[in-house]
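Survey of secondary and tertiary structure
Given next are the chains, with one letter for each unit.
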Amino acid sequence: MAAVSAVVRKDLRLEARAFESVPAMLMFSVTTFVLFHFGLDRGALAGDLAAGVLWVTLLLAAVLGMNRLFATEHEQGGFDGFLLAPVDRTALFVAKATVLFAFLVAAELIAVPAFALLLLEPGAGQALPELVAVLALADAGIAVVGTLVGALGVQTRARELMIPLLALPLLIPVIIGAAEATAPLFAAAGAEPLPGRWLAVLALYDAVFALLAYAVFDFLLED
Amino acid sequence: MAAATADSPDAVALEGVGRAYGERVALRDVTFTLPAGATVAVFGANGAGKTTLLRILAMLLRPHAGVARVLGAALPREAWKARGQVGLLGHEPLLYRDLTARENLRYHARLHRVAPRRGDDLLERVGLAARADDPVRTLSRGMAQRAAICRTVLHDPSLLLLDEPLANLDPGGAAAVAPLIGRGSGHARVLISHDVEQGLAEADWVLGLRAGRQALWAPGDQVSAADVRGLYA
Amino acid sequence: MTFGRGLRPFSIASAVLVTAAFALVFFYAPNDADQGFIYKIFYLHVPLAIVALCGFVAGGVYGIKYLRSGERADDLRSYVAIHISLILAVGVLITGSIWARASWGHWWVWDEPTLVSFLIVFLLYACYQPLRFSIEDPERQARYAAVFSIVAGAFVPLNFMAVRMADSLTHPRVLSTTGGSMTGEMRLTFYTALAGMACLFITLWKYELASKSASIQLRSLKRRLAGDDGLAPLARSSAPQQL
């Protein structure tokens, strides 16, 4: 536990110092919303179109965060420094997943309101607690898979290419679940109730991948 | 030279240790024993396997052949027993360039579960107190090296693995770090050096590697500079 | 280490079963009332799909075995299983597309959840060999490939479930057999085709294992004769090159 908190604090401090991941994810999201406006030639979206645009954008922005997640460790000897210490290796996975989750939340704090402002139909439902629940579950899945794929990809040569190619297919169930769950919340006539089964799908996905990642992550670090 | 006792096992005991990268054999059949508290100087040309040996002793690489024991723990099964008692100083300082020296040491202190104040004390002892709050990327190589040395001894390891520790250090810096990683520090040391005279002066034992094989293993006082230069031929 | 045990019986069994399946498809199984002759591609498409999925999962199982045992032979088995399944998956997509065109008029249909799931699985596993190729150290390559094969193998059922749930229940299944239940003749043809495809997969798997292990052993003999430096170093490869 102490090791997890040490790594998380170190990464948050590095991010605050160097500003690499969160601003990039944020700027990318907002720019993509503008692109969608021109690409779709629509000023206001509702329902499943709005949900789709939001989630595809968030997913692609998350890829930016995944690419950078282990880059510093790889370039500046962070892996060695961690492996020399008498700590459980899985602590690195837990810490990095927590950090990626935190980055996603930080970016979404501004990106989602920006989306509502720029693209969402004015009358579309405002169901904030439900939206937060979907965001939380989906972000957890993205964080777990993103950390695993980030670690897989950091050792490869074409890292920025390999990570999205691996992560995006793996995250399709997340996009399905999140978009289906969010679509009624953005209904043009006002928010409809949240379909519970999609939350269950997201939760199941999160649980399966968290356990899986926990089991295999050690093998990515050993030599 | 202290003899091994039940309380202080040999620092390093290798028997027939080997390691390959795919088809290329980096180390083959390395056998020696380093008693607790003693220093071994490792000599060899580039590519002879010195770094590989150091990383195996640091428990960052698993040996592919033979039996390796570090501080009494058999690798890789019992590596967890010895982890945290070994200090590695490689070519990379293993410091985050955007954090300050002080922050880096605090991070490592937390990982190794030692008091964060130790980092501050060490920085003072090596003369970095004034620059301790500047990001590591602003430090000169000599200063970064001194900070890296602080990181190496932060957790008071029983075995030091040093790859050219005095590179980049001016005489003042070298003097400042001597009590921490030098002969008088009391720790067992595996020292890679390209400075033949200096290495021999510090060594209780000498290990020579050539093309991954052990070419020389003898007590320090029985080895001459010429013997060592022969390894590089 | 001998691979390819039982290669001959399996080859013969494959040849027999595949021929029998073709004969049954062309001469025995009835034509479908709506779709005519072309629907018989179902006898190729579905067995391909089932065997490919089992192959991907088998790749994951051998990945687990490799991580536990460290035996490179298990890594080789995992690699070959995924390799062949990927080729079968291309076949699934092509035959599915032909079927969609014949029965629905479009080369692709999003309403068929199995086909869509296969597209996603194909996109994922298409990265397996590039991932392996991009890691130079052979031991690390095997380990990372094993982790990938386990994660992807666990992903396959999750993916199918999610896509099926997303598929609106109001859309009828496009690529289904008449009424969803098979007559006796269709059943016989289908199971023969399935058995033939499974035998074919195992034959190809064993064959490739035998071939690769033979070249690996040949190389190690050459090295012993010529000395460590006598041979040109191995070119980078995504396939395991040591046992």
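Residues numbered from 1 in each chain as written. Chains lettered and ligands numbered in written order. Predicted model: local features only at pLDDT ≥ 70, side-chain atom pairs only at ≥ 80, totals over all residues.

**Quick word on the interface of chain C and chain B**
- With six residues of chain C at the contact, the number on the chain B side is four residues.
- When grouped by side-chain class, the residues that make up the side of chain C that touches chain B number three nonpolar, one polar and two charged. (Contact = placed C-beta atoms within 7 Å. Nonpolar A, V, L, I, M, F, W, Y, C, P; charged D, E, K, R; others polar.)

**With respect to the pairing of strand β4 (residues 65-70) of chain B**
Residue and element names in this part refer to chain B.
- Bridge count between strand β1 (residues 12-21) and β4: five bridges; the pairing is antiparallel. What sits directly across from E15, in β4, is V67.
- Where β4 meets strand β5 (residues 73-74), two bridges bridge the pair, whose relative direction is antiparallel. In the strand pairing of β5, V70 is matched with A73.
- Linking β4 to β5, which pair antiparallel, is a turn of two residues; within it L71 sits at a positive phi near 50 degrees. (Pairing = 2+ DSSP bridges. Helix = DSSP H or I, 4+ residues; strand = E, 2+ residues; numbered from the N terminus.)

**So, unusual backbone geometry**
Residue and element names in this part refer to chain B.
- Cis peptide bonds are those with omega within 30 degrees of zero, and the linkage from L75 to P76 qualifies with -5 degrees.
- Phi is positive for N168, close to 70 degrees, though the residue is something other than glycine.
- Among the structural elements, N168 can be located in the loop between β7 (159-163) and α6 (171-181).

**Some remarks on the nonpolar core**
- Counting 150 residues, the largest nonpolar core has A167(A) and L171(A) as the members making the most contacts within it.
- The element best represented in this core is helix α7 (residues 128-154) of chain A, accounting for 15 residues.
- Residues contacting A167(A), with those up to four places away along its chain left out, are V63(A), M66(A), V145(A), G146(A) and V149(A).
- Judged by nonpolar contacts, the second largest core, of 74 residues, contains L14(A), M143(B), L191(B) and A203(B). (Core = buried A, V, L, I, M, F, W, Y, C linked by C-beta atoms within 7 Å. Buried ≥ 20, exposed ≤ 12 C-beta atoms within 10 Å, placed from the backbone.)

**Here's the deal with the interface of chain A and chain C**
- Facing 23 residues of chain A, the contacting portion of chain C comprises 24 residues.
- Elements represented by at least two residues in the side of chain A that touches chain C include exactly α7, α8 (159-170), α9 (172-182) and α10 (196-221) of chain A.
- Per element, the largest residue contribution to the side of chain A that touches chain C is seven residues, and it comes from α10(A).
- Tallied by class, residues from the side of chain A that touches chain C come to 18 nonpolar, three polar and two charged.

**Some details on helix α2 (residues 42-69) of chain C**
All names here are of chain C.
- For α2, spanning 28 residues, the distance from its first C-alpha to its last is 40 Å, which sits close to the expected 40 Å at 1.5 Å a residue.
- Taking burial as the measure, the 28 residues of α2 include 20 buried ones, the bulk of the element.
- Downstream of α2 by one or two residues, G70 has phi in the positive range, about 75 degrees. (Expected span 1.5 Å × (residues − 1).)

**A few points about the packing of α2(C) against helix α3 (residues 72-104) of chain C**
Residue and element names in this part refer to chain C.
- Between α2 and α3, the least distance of the axes is 7 Å, while the angle of their chain directions is 160 degrees. Put simply, α2 runs roughly antiparallel to α3. Viewed along their axes, α2 and α3 form a crossing whose handedness is left-handed.
- Class assignment of the residues belonging to the contact of α2 with α3 gives a composition of 17 nonpolar, 10 polar and four charged. (Axes fitted to C-alpha atoms, helices over the stretch in contact; angles between N-to-C directions. Parallel < 35°, antiparallel > 145°, perpendicular 65-115°, else oblique. Left-handed = near helix turned anticlockwise from the far one by under 90°.)

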